[in-house]
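Next come the chains, spelled out residue by residue.
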Amino acid sequence: MSSERTLILVKPDGVSRGLIGEVIGRLERKGLKIVALELRTLERSVAETHYGEHASKPFFGELVDFITSGPLVALVAEGPRATEAARGLIGATDPVKAVPGSLRGDFALEIGQNLVHGSDSPESAKREIDLFFPGLS
Ligand code: IDP
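A quick note: this is a predicted structure, and the numbers were derived from the prediction, not measured.

What to know about the layout of surface pockets
Then, in step 1: Its boundaries defined by the atoms lining it, the largest pocket holds a volume of some 540 Å³.
Then, in step 2: If you go around the largest pocket, you meet 23 residues; those closest to its centre are Lys11, Tyr51, His54, Leu63 and Thr93.
Then, in step 3: Those elements that provide at least two residues to the lining of the largest pocket are helix H4 (60-67) and strand S4 (116-118).
Then, in step 4: Of the residues belonging to the lining of the largest pocket, the class tally is five nonpolar, nine polar and nine charged.

The structure is reproduced here in structure tokens:
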């Protein structure tokens, strides 16, 4: 079966709450393979590029402040339809609406601190992997 790569971030709230293992464990138990992984604190310029599609939104400044506020874990997960599979594990953007059993449904309450990022399409995944792990998409 053909394989695909996707970018996952354990956001600073997930790292500070000790949930790195929980996120990675769920990705691995689903069958996705971790092919790159790094703990890093983002520069504002990288965060602004990553979230560029939201630049005109009222919450953009808050979003960049938050994602640069401390270390996050960036990783590339690989598997069949990896982007769709990971989005299913992560759950809806608003954690109150995310179904129980998803990461956001189980571990988050606030939209601004929703624990995990996952690329929203294979095209976004390629762009995001190129930003975080050049050459790996
Ligand atoms: P996604 O992370 O589920 O793909 P996006 O719509 O791409 O959701 O939004 C990116 C991130 O921006 C969200 O994960 C969330 O943390 C933040 N965000 C989205 N909408 C709002 C909002 O209305 N207020 C504050 N933060 C928001």
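Here we look at helix H5 (residues 82-90)
Along an α-helix, a turn takes 3.6 residues, which lines up residues three or four apart on a common side.
Then, in step 1: When H5 is considered as a whole, its buried residues turn out to be Ala82, Thr83, Ala85, Ala86, Leu89 and Ile90. Looking down the long axis of H5, one finds its buried residues gathered within 165° of arc, a one-sided arrangement. Seen from the open side of H5, the exposed residues pointing more than 90 degrees away from its buried face are Glu84 and Gly88.
Then, in step 2: Each element contacted by the buried residues of H5 is listed here: strand S1 (4-10), helix H2 (20-30), strand S3 (72-79), helix H6 (103-107), S4 and helix H7 (122-132).

Some details on the UniProt feature "domain: Nucleoside diphosphate kinase-like" (unreviewed entry) in the protein chain
Then, in step 1: Taking the UniProt record as the reference, the feature "domain: Nucleoside diphosphate kinase-like" (unreviewed entry) is found at residues 3-137.
Then, in step 2: Split by type, residues 3-137 is 41% helix and 19% strand. Its first and last C-alpha atoms lie 12 Å apart.

Quick notes on the sheet that holds S3
Then, in step 1: Read from one edge to the other, the open sheet built from four strands follows the order S2-S3-S1-S4, with strand pairing classed as antiparallel. Each edge of the open sheet carries a strand with a single partner, namely strand S2 (33-40) and S4. Between one strand axis and the next, the sheet turns by 20° as a mean value, whatever way the strands run.
Then, in step 2: Pairing geometry for S1 and S3, over seven bridges, is antiparallel. Considered in S3, the bridge of Val10 is made with Val73.
Then, in step 3: Helix-sheet contacts for H5 involve S1, S3 and S4, and the interaxial angle to S1 is about 30°.

Regarding the nonpolar core
Nonpolar side chains in soluble globular proteins tend to end up buried together.
Then, in step 1: With 19 residues, the main nonpolar core has Ile8, Val23, Leu27, Leu32, Leu75 and Val116 as its most contacted residues.
Then, in step 2: For this core, the elements supplying multiple residues, two or more each, are S1, H2, S3 and H5.
Then, in step 3: It is H5 that provides the largest number of residues to this core, a total of five residues.
Then, in step 4: Apart from residues lying up to four places away in sequence, Leu27 is in contact with Ile8, Leu32, Ile34, Leu75, Ala86 and Leu89.
Then, in step 5: The next biggest cluster of nonpolar side chains, apart from the first, holds 17 residues, and it includes Leu9, Ala36, Val64 and Val76.

Parameters and conventions
Residue numbers run consecutively from 1 along every chain, following the written order of its sequence. Only residues with pLDDT of at least 70 get local features here, since the model is predicted, and only at 80 or more are side-chain atom pairs given and counted; chain-wide, interface and lining totals rely on the full set of residues. As a convention, hydrogens and water are excluded, and side-chain values are obtained from all of the structure's heavy atoms. Lining residues are those with an atom within 4 Å of a point, where the points come from a 1 Å grid over the protein atoms alone and group into cavities, where a 1.4 Å probe fits but cannot get out, or pockets, open sets with protein on both sides within 12 Å along at least five of seven lines. Grid points are joined across faces, edges and corners, and a volume is the space filled by probe spheres set on the points. Numbering of helices and strands runs from the N terminus; a helix is a DSSP stretch of H or I covering at least four residues, while a strand is a stretch of E covering at least two. Only Asp, Glu, Lys and Arg are considered charged, only Ala, Val, Leu, Ile, Met, Phe, Trp, Tyr, Cys and Pro nonpolar, and every remaining residue, Gly among them, polar. For every residue, the accessible area (1.4 Å probe, protein chains only) is compared with the maximum for its type, and the residue is labelled buried under 20%, exposed over 50%, or partly exposed between those bounds. Working note: the arc is built from the helix axis to C-beta atom directions. Contact definition: two residues touch when any of their heavy atoms are within 4.5 Å. UniProt positions are given in the numbering used here, feature names are shortened, and annotations may be inferred rather than shown by experiment. Only when DSSP finds a minimum of two bridges between them are two strands counted as paired. The axes are straight lines fitted to the C-alpha atoms, using for helices just the contacting stretch, and the angles between their N-to-C directions are given from 0 to 180°. Only buried Ala, Val, Leu, Ile, Met, Phe, Trp, Tyr and Cys residues count toward a nonpolar core, and they belong to the same one when joined by side-chain atoms within 4.5 Å.

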